Amino acid sequence: MHVVLTRELGSNDSLLGWLPEDVTTSEVPLTTTRFYDTEEVLLELHASERFGSYRALVVTSARSALYVALARSALAEGGRVVSVGTATAKALENDDVESDVVGNGGALDIVGDIDEGPVLILGAANMRPELASALESRGVAVTKVT
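The present account deals with the structure reproduced in this document. (Residues numbered from 1 in each chain as written. Predicted model: local features only at pLDDT ≥ 70, side-chain atom pairs only at ≥ 80, totals over all residues. Heavy atoms only, no water.)

## A look at the pairing of strand β6 (residues 119–122)
To be explicit about the condition: Residue burial is assigned from relative accessible area. The probe radius is 1.4 Å, only protein chains are included, and a residue is buried under 20% of its type maximum, exposed over 50%, and partly exposed in between. Under the DSSP-based scheme used, a helix requires at least four consecutive residues in state H or I and a strand at least two consecutive residues in state E, with every element numbered from the N terminus. Pairing between strands is defined by DSSP: at least two bridges between them are needed. For a crossover, the right-handed case is the one in which the path from the first strand over the helix to the second runs clockwise, viewed with the strands pointing away from the viewer.
Alternating residues of β6 divide into V119 and I121 and L120 and L122, and every residue in both groups is buried. Where strand β3 (residues 54–59) lies against β6, four bridges are found, and the strand directions are parallel. Residue pairing for β6: V59 is matched across the bridge by L122. Here four bridges tie β6 to strand β7 (residues 142–145), and the two strands are oriented parallel to one another. Opposite V119, over in β7, you have V142 as the bridge partner. Between β6 and its parallel partner β7, the chain crosses via helix α5 (residues 130–137), and the hand of that crossover is right-handed.

Okay, here's the thing in structure tokens:
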């Protein structure tokens, strides 16, 4: 049996452990990640009229953990860090950032844990719209930062 792994190069190690030893594999990455320079992210954060007033910072993926220290500067005093998923929370923990809320499933699992805005969502350039839509439908102001 031959299995083709489609994650980015170097991101398939955990999958390889699930496969039987007699399986051959090939890595054919179907995605790549471009990480923005921290200055670009900082400029985008400071350009927001809500900078310093966010009540929650939602971190949508472990890859976004690189930018959480910058994004936390946009929080109001007492603002909370919300992680989408345990892998994201673990990545934040590895950077000495504690998550106040950790969703155990998808992004929609945390909607009920966010009572007030504005909310800053930190994630991919093409992040899924469900979380922002659900919050906005409840009257919570949302800003997305790539």
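After that view of the structure, there is still more to cover.
## Topic: the pattern of salt bridges
Note that side chains of opposite charge can pair when their charged atoms are close. Short version of the rule: The salt bridge criterion pairs a side-chain nitrogen of Lys or Arg with a carboxyl oxygen of Asp or Glu, the two atoms within 4 Å.
Applying the stated criterion across every chain yields a total of three salt bridges. We note a salt bridge from E93 to K90, for which the minimum N-O separation is 3.6 Å. Taken together, the residues span about one helical turn, with E93 and K90 both in helix α4 (residues 86–94) at a distance of three residues. We note a salt bridge from R128 to E130, for which the minimum N-O separation is 2.5 Å.

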